[in-house]
Amino acid sequence: MPIFTTNAIAGAINGIIVTAFGLVVNVTGMATPWAGLIVVFGMNPMMKVLIAVILILVNSTIWAYIGAYVFRNFKIHTVAEIRADDELAEKHEKEPAKA
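For clarity, every value in this text was computed on a predicted model and none was experimentally measured.

Thresholds applied
- Residue numbers run consecutively from 1 along every chain, following the written order of its sequence.
- Thresholds applied to this predicted model are a pLDDT of at least 70 for local features of residues and 80 or more for the giving and counting of side-chain atom pairs; totals over whole chains, interfaces and linings are not thresholded and use all residues.
- As a rule here, side-chain values come from all non-hydrogen atoms in the structure, and water together with hydrogens is ignored.
- Under the DSSP-based scheme used, a helix requires at least four consecutive residues in state H or I and a strand at least two consecutive residues in state E, with every element numbered from the N terminus.
- Burial status follows relative accessibility: with a 1.4 Å probe on protein chains alone, a residue under 20% of its type maximum counts as buried, one over 50% as exposed, and anything between as partly exposed.
- In what follows, residue pairs with any heavy atoms lying within 4.5 Å of each other are defined as contacts.
- We call Phe, Tyr and Trp rings a pair once their centres come within 6.5 Å, taking the six-membered ring for Trp, and we label the pair stacked below 30 degrees between planes, edge-to-face above 60, and tilted otherwise.
- Two conditions define a charge sitting above a ring: the NZ of Lys or the CZ of Arg must be within 6 Å of the ring centre, and it must be within 35 degrees of the ring normal.
- Whenever a helix is involved, its axis is fitted only over the stretch in contact; in every case the axis is a line through C-alpha atoms, and angles between N-to-C directions fall within 0 to 180 degrees.
- By convention, the crossing between two helices is left-handed when the near helix turns anticlockwise from the far helix through less than a right angle, and right-handed when the turn is clockwise.
- Each residue is assigned to one of three groups, with Ala, Val, Leu, Ile, Met, Phe, Trp, Tyr, Cys and Pro labelled nonpolar, Asp, Glu, Lys and Arg labelled charged, and all others, Gly among them, labelled polar.
- To count toward a patch, a residue needs a relative accessible area above 30% and no salt bridge. Like charges then connect within 9 Å, nonpolar side chains (Val, Leu, Ile, Met, Phe, Trp, Tyr) within 5 Å.
- Areas reported here follow the Shrake-Rupley algorithm with a probe of radius 1.4 Å; residue values treat only the protein chains shown as occluding.
- A pair is scored as a salt bridge if a Lys or Arg side-chain nitrogen falls within 4 Å of a carboxyl oxygen belonging to Asp or Glu.
- pLDDT expresses how confident the predictor is about each individual residue, on a scale running from 0 to 100.

**Re the overall build of the chain**
Here comes step 1: Across its full length, the chain holds four helices and zero strands.
Here comes step 2: Scored against the burial criterion, the 99 residues of the chain give a buried share of 12%.
Here comes step 3: Put simply, of all contacts in the chain between residues at least 6 apart along the chain, 62% involve residues at least 24 apart.

Here it is in structure tokens:
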């Protein structure tokens, strides 16, 4: 949850930065963020892209630190804990109801 929240906020602001700079990406789909960055360099002026990339880097870093601070007490569950909870729930479902 913490990662999704901070990524959503940073991503929305990063999208605003890209739009504000008028960067164009005329590609129907991209496999990775790095491929997308290379495509943006090919379709837009280099200085405009570099400034936008620096602003996006700064914005993402700021939101990463904000997210780390806000969610510092958030309990992180391991896969083993989640699976143990699932097994326990299944075990209780299989037991006959006590009257």
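**As for the packing of aromatic side chains**
Here comes step 1: A full pass over the atoms with the stated rule returns one aromatic pair.
Here comes step 2: Each ring, one from Phe71 and one from Phe74, has its centre 6.0 Å from the other, and the planes form 85°; the classification is edge-to-face.
Here comes step 3: If you follow Arg72 out to its NZ or CZ, it ends over the ring of Tyr69, 4.1 Å from the centre.

**With respect to the packing of helix H2 (residues 33–43) against helix H3 (residues 46–70)**
Here comes step 1: Here H2 crosses H3 at 145°, and the two axes come no closer than 8 Å. H3 is crossed by H2, and the crossing has right-handed handedness. Contacts between H2 and H3 involve Leu37, Val40 and Phe41 from the former and Met46, Val49, Leu50 and Val53 from the latter.
Here comes step 2: Considering only residue class, the contact of H2 with H3 consists of seven nonpolar, no polar and no charged.

**A short note on a nonpolar patch on the surface**
Here comes step 1: A cluster of nonpolar side chains, namely Phe41, Met46, Met47, Leu50, Ile51 and Leu55, defines an oily patch on the protein surface of about 530 Å² accessible area.
Here comes step 2: Ranked by the residues each element gives to the nonpolar patch, the list is headed by H3, at five residues.
Here comes step 3: On the secondary structure map, Leu50 appears in helix H3.
Here comes step 4: Residue classification places Leu50 among the partly exposed positions, given a relative accessible area of 33%.

**Overview of the environment of Val49**
Here comes step 1: Turning to its location among the elements, Val49 is positioned in helix H3.
Here comes step 2: Among the residues examined, Val49 registers a relative accessible area of 1% and is labelled buried.
Here comes step 3: For the pair Val49 and Leu23, spaced 26 residues apart in sequence, the C-alpha separation works out to 7.4 Å.
Here comes step 4: Other than its neighbours up to four places away in sequence, Val49 contacts Leu23, Val40, Phe41 and Asn44.

**Overview of the confidence of the model for the chain**
Note that predicted coordinates carrying low pLDDT should not be read in detail.
Here comes step 1: Of the residues in the chain, 85% reach a pLDDT of 70 or more, and the chain-wide mean stands at 85.
Here comes step 2: The secondary-structure element of the chain with the lowest mean pLDDT is helix H4 (residues 79–94), recorded at 72, while H3 shows the highest, at 95.

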